[in-house]
Amino acid sequence: MSYAVNLPMSDILALRLRALIIPENRYKEGIDKMGACPGVKTNGKILVIDDDYAIELLKLNLESYGFDVVTTIDGEEGLEKASSELPDTIILDVRIPNLNGWQVCERLKKNPKTKHIPVIVFTAYSQKTDFEKSKKSEADLFLNKPIDPDELVQKIHETINKYKKKSKEISD
């Protein structure tokens, strides 16, 4: 179950959010580059598990590149959605409620139904220990926030293509 809460926003936060919104030309460029049409998702499904205030902006940005995006802010709900939605990749923050990102990743990789789904740890925490914990939890990629949207989409495509190639080699 999801809830939306409208809270008053400070001027500084409003400016930060405005800076993250996609310019109209980037939307069109993303659609053209990825071969998608508005309203038609062709680049796969992404599950974003993140409690950051900008999760809806990340969703909007990824949708502008033709991805179908499902979001949640909770680790346990993220596990449920991963099993029910079976996304092409998962973008996972480390600091989330109920289960942290590493616990979620470990459980995803141990579950036969979700172990094939690539997991991208996407976090503002960039200590060496954070990277090591991500590697230990079998995350496929570790990315630091903030990141240029074009670079994020490129990394998502690389991760998905790597898994598709690996799956094809296994089935051949």
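Since this is a predicted model, take the numbers as computed values, not measurements.

A.B. asks: Break down the pairing of strand 3 (residues 89-92) for me, citing the residues and quoting the values.
C.D. replies: Taking every second residue as pointing to the same face, both faces of strand 3 are buried, with Thr89 and Ile91 on one and Ile90 and Leu92 on the other. Sheet topology places strand 1 (residues 45-49) next to strand 3; four bridges connect them, and they run parallel. Looking at the pairing, isoleucine 46 lines up with threonine 89 of strand 3. Direction of pairing for strand 3 relative to strand 4 (residues 119-123): parallel, over a ladder of three bridges. Looking at strand 4, one finds that leucine 92 is bridged to valine 121. Crossover handedness for the path strand 3 to helix 5 (residues 101-110) to strand 4: right-handed.

A.B. asks: Could you give me a rundown of the pattern of salt bridges, with the residues and numbers involved?
C.D. replies: Inspection of every chain in the model, using the stated rule, returns six salt bridges. A salt bridge links lysine 145 to aspartate 52; the shortest N-O distance between them is 3.8 Å. Of the two residues, lysine 145 is situated in the loop between strand 5 (141-144) and helix 7 (149-171) and aspartate 52 in the loop between strand 1 and helix 3 (55-64); the sequence distance between them amounts to 93 residues. Notably, a salt bridge pairs aspartate 93 with lysine 145, separated by 3.8 Å at the nearest N-O pair. With aspartate 93 in the loop between strand 3 and helix 5 and lysine 145 in the loop between strand 5 and helix 7, the pair connects residues that are 52 residues apart, well separated along the chain. A relative accessible area of 19% means that lysine 145 is categorised as buried.

A.B. asks: So, the sheet that holds strand 3: which residues are in play, and what are the values?
C.D. replies: The strand order across the open sheet built from five strands is 2-1-3-4-5, with neighbouring strands paired in parallel fashion. Whereas interior strands pair on both sides, the edge strands pair on one side only; in this sheet they are strand 2 (68-72) and strand 5. Between one strand axis and the next, the sheet turns by 20° as a mean value, whatever way the strands run. Each of strand 1, strand 2, strand 3 and strand 4 is contacted by helix 3, which is oriented at about 165° to strand 2, the strand it contacts most. Packed on one face of the sheet, helix 4 (residues 75-85) meets strand 1, strand 2 and strand 3 and runs near 150° to strand 2.

A.B. asks: Hey, could you go over the confidence of the model for the protein for me, with residue numbers and the actual values?
C.D. replies: The predicted model of the protein averages 78 in pLDDT, with 70% of residues at 70 or higher. Taken as a whole, residues 9-39 scores under 50 in pLDDT and shows 36 contacts with residues more than four places along the chain or in a different chain.

The rules we used
Each chain has its residues counted from 1, following the order in which its sequence is written. In view of the model being predicted, local features appear only for residues whose pLDDT reaches at least 70, and side-chain atom pairs are presented and counted only at 80 or more, with totals across whole chains, interfaces and linings using the full set of residues. Calculated side-chain values reflect all of the structure's heavy atoms, with hydrogen atoms and water omitted. Per-residue accessibility, obtained with a 1.4 Å probe over protein chains only, is compared with the maximum for each type, and a residue is labelled buried under 20%, exposed over 50%, and partly exposed between these values. Strands here mean DSSP runs of E at least two residues long; helices mean DSSP runs of H or I at least four residues long; both are numbered from the N terminus. At least two DSSP bridges between two strands are needed for those strands to be called paired. The path from the first strand over the helix to the second decides the hand: if it runs clockwise while the strands point away from the viewer, the crossover is right-handed. Whenever a carboxyl oxygen of Asp or Glu lies within 4 Å of a side-chain nitrogen of Lys or Arg, that contact is scored as a salt bridge. Helix axes are fitted only over the stretch in contact, all axes being lines through C-alpha atoms; the angle between N-to-C directions runs from 0 to 180 degrees. In what follows, a contact means two residues having at least one pair of non-hydrogen atoms within 4.5 Å. pLDDT runs from 0 to 100 and stands for how confident the predictor is about each residue.

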